[in-house]
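In case you want the letters, here they are:
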Amino acid sequence: MAEVLRFTCRECGQEHEGLPDVGFKVPWYYETLPDKHRVDLYLDSDFCRIENDFFIRGSLEIPITGMQRNFSYGVWMSVSEKNYHLYQACFDSDVPTSERYVGYISNRIDGYPDTLKLIGAAHVRGNGLRPFIVLQSTDHPLSIEQRKGISFERAVEIAIPYMHEKSFPSRRA
Ligand SMILES: [Zn+2]
């Protein structure tokens, strides 16, 4: 049976049901481009190219202790041009694949020491699922959380600002 997650929100005082995944619509490098008209760009919900830099979107999942579901950050990762095109080729295919692309996290996630350029591996899943990203095992708090998991209370703390879009208008996916 699916777990029903409910909690009373310290931000608005209401009871929320369910936890949103926290997603970034664009890589940090896209968000911070000073003049997008002057740059050769491609962007959709899963692929981004800025001149000769290539990015794909994946799910960085963090286990929630004692629960069946994970908390998920939808983040972008830089990949090589070759892997970008390999991923494009298998994106719509339902042929099982075990491709794995190493790259750098390309978003700054609030509440952590800078997450930009953390090293991760994107594991392609196929079947319309975004790749899951496994961070290199380091002492960075995000890497520790991914290895050890977080409490439900911690997941709520992370999610609350993103549930109130006014604070982060550009970040909800
Ligand atoms: Zn609320």
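K.L.:
An account of the overall build of the protein chain is needed here, citing residue identities and associated values.
P.N.:
Assigned secondary structure in the protein chain consists of four helices and 10 strands. When the elements of the protein chain are put in sequence order from the N terminus, they spell out β-β-β-α-β-β-β-β-α-β-β-β-α-α. Relative to a compact globule of 173 residues, whose C-alpha radius of gyration would be 16 Å, the protein chain shows 17 Å and is just as compact. In terms of overall dimensions, the protein chain has a C-alpha envelope of 45 × 40 × 30 Å along the principal axes. Counting only residues that meet the buried cut, the protein chain has 27% of its 173 residues in that class.

K.L.:
Explain unusual backbone geometry to me, using residue names and the numbers behind them.
P.N.:
Positive phi outside glycine occurs at E51, with the angle close to 50°. Tracing the backbone shows E51 in the loop between β5 (47-50) and β6 (53-63).

K.L.:
Explain helix α4 (residues 152-163) residue by residue, including any values.
P.N.:
Taking 1.5 Å per residue as the helical rise, α4 with its 12 residues ought to reach 16 Å, and the 16 Å between its terminal C-alpha atoms agrees with that figure. What α4 keeps buried is the set A155, V156, I158 and A159. If you follow the buried residues of α4, they end up packed against β1 (6-8), β3 (22-23) and β7 (70-79).

K.L.:
Let's hear about helix α2 (residues 81-91): which residues, and what values?
P.N.:
Among all positions of α2, only N83, Y84 and Y87 are buried. Down the axis of α2, the smallest arc covering the buried residues is 105°, so these residues share one side. Exposed side of α2, more than 90 degrees from the buried face: E81, K82, H85 and A89 are the residues found there. Lining the buried residues of α2 we find β6, β7 and β8 (100-104).

K.L.:
Quick one: what's the story with the environment of M163, residue by residue and with numbers?
P.N.:
Note that M163 resides in helix α4. Note on M163: 19 C-beta atoms within 10 Å, which makes it partly exposed. In this structure the C-alpha to C-alpha distance between M163 and L19, which are 144 residues apart in sequence, comes to 8.5 Å. Apart from residues lying up to four places away in sequence, M163 is in contact with H16 and P20.

K.L.:
Lay out the pairing of β5 with the relevant residues and their values.
P.N.:
Pairing analysis gives three bridges linking strand β4 (residues 41-43) to β5, with the strands arranged antiparallel. Each residue of the ladder has a partner; that of Y42, found in β5, is R49. What sits between the antiparallel neighbours β4 and β5 is a turn of three residues. What sits between β5 and β6 in their antiparallel hairpin is a turn of two residues, with E51 showing a positive phi close to 50°.

K.L.:
Describe in detail the confidence of the model for the protein chain, supporting the description with residues and values.
P.N.:
Here the protein chain shows a mean pLDDT of 89. Residues at 70 or above account for 92%. Here residues 167-173 is modelled with pLDDT under 50, and outside its nearest four sequence neighbours on either side it reaches 15 contacts, counting other chains as well.

K.L.:
Which residues make up the environment of G66, and what values go with them?
P.N.:
Along the chain, the position of G66 falls in the loop between β6 and β7. For the pair formed by G66 and I150, sequence separation is 84 residues and the distance between their alpha carbons is 9.4 Å.

K.L.:
Now, about the environment of E99: what can you tell me, with residues and values included?
P.N.:
As for its position among the elements, E99 is in the loop between α2 and β8. Under the C-beta neighbour-count criterion, E99 is labelled partly exposed, with 15 such atoms within 10 Å. Separated by 57 residues in the primary sequence, E99 and Y42 have C-alpha atoms spaced 23 Å apart.

K.L.:
Talk me through the nonpolar core; I want residue IDs and the actual numbers.
P.N.:
If you look at the biggest cluster of nonpolar residues, it comprises 32 residues, and the most contacted ones within it are F55, I56, V75, W76, M77, V79 and A155. The set of elements that each furnish at least two residues to this core consists of β6, β7, α2, β10 (132-135) and α4. With residues up to four places along the chain from it excluded, the contact list for F55 reads P27, C48, W76, M77, S78, V79 and S106.

Here is what the cut-offs are and how they apply
Residues numbered from 1 in each chain as written. Predicted model: local features only at pLDDT ≥ 70, side-chain atom pairs only at ≥ 80, totals over all residues. Helix = DSSP H or I, 4+ residues; strand = E, 2+ residues; numbered from the N terminus. Rg over C-alpha atoms; globule rule 2.2 N^0.38 Å. Buried ≥ 20, exposed ≤ 12 C-beta atoms within 10 Å, placed from the backbone. Expected span 1.5 Å × (residues − 1). Contact = placed C-beta atoms within 7 Å. Arc of directions from axis to C-beta. Pairing = 2+ DSSP bridges. pLDDT = per-residue confidence, 0-100. Core = buried A, V, L, I, M, F, W, Y, C linked by C-beta atoms within 7 Å.

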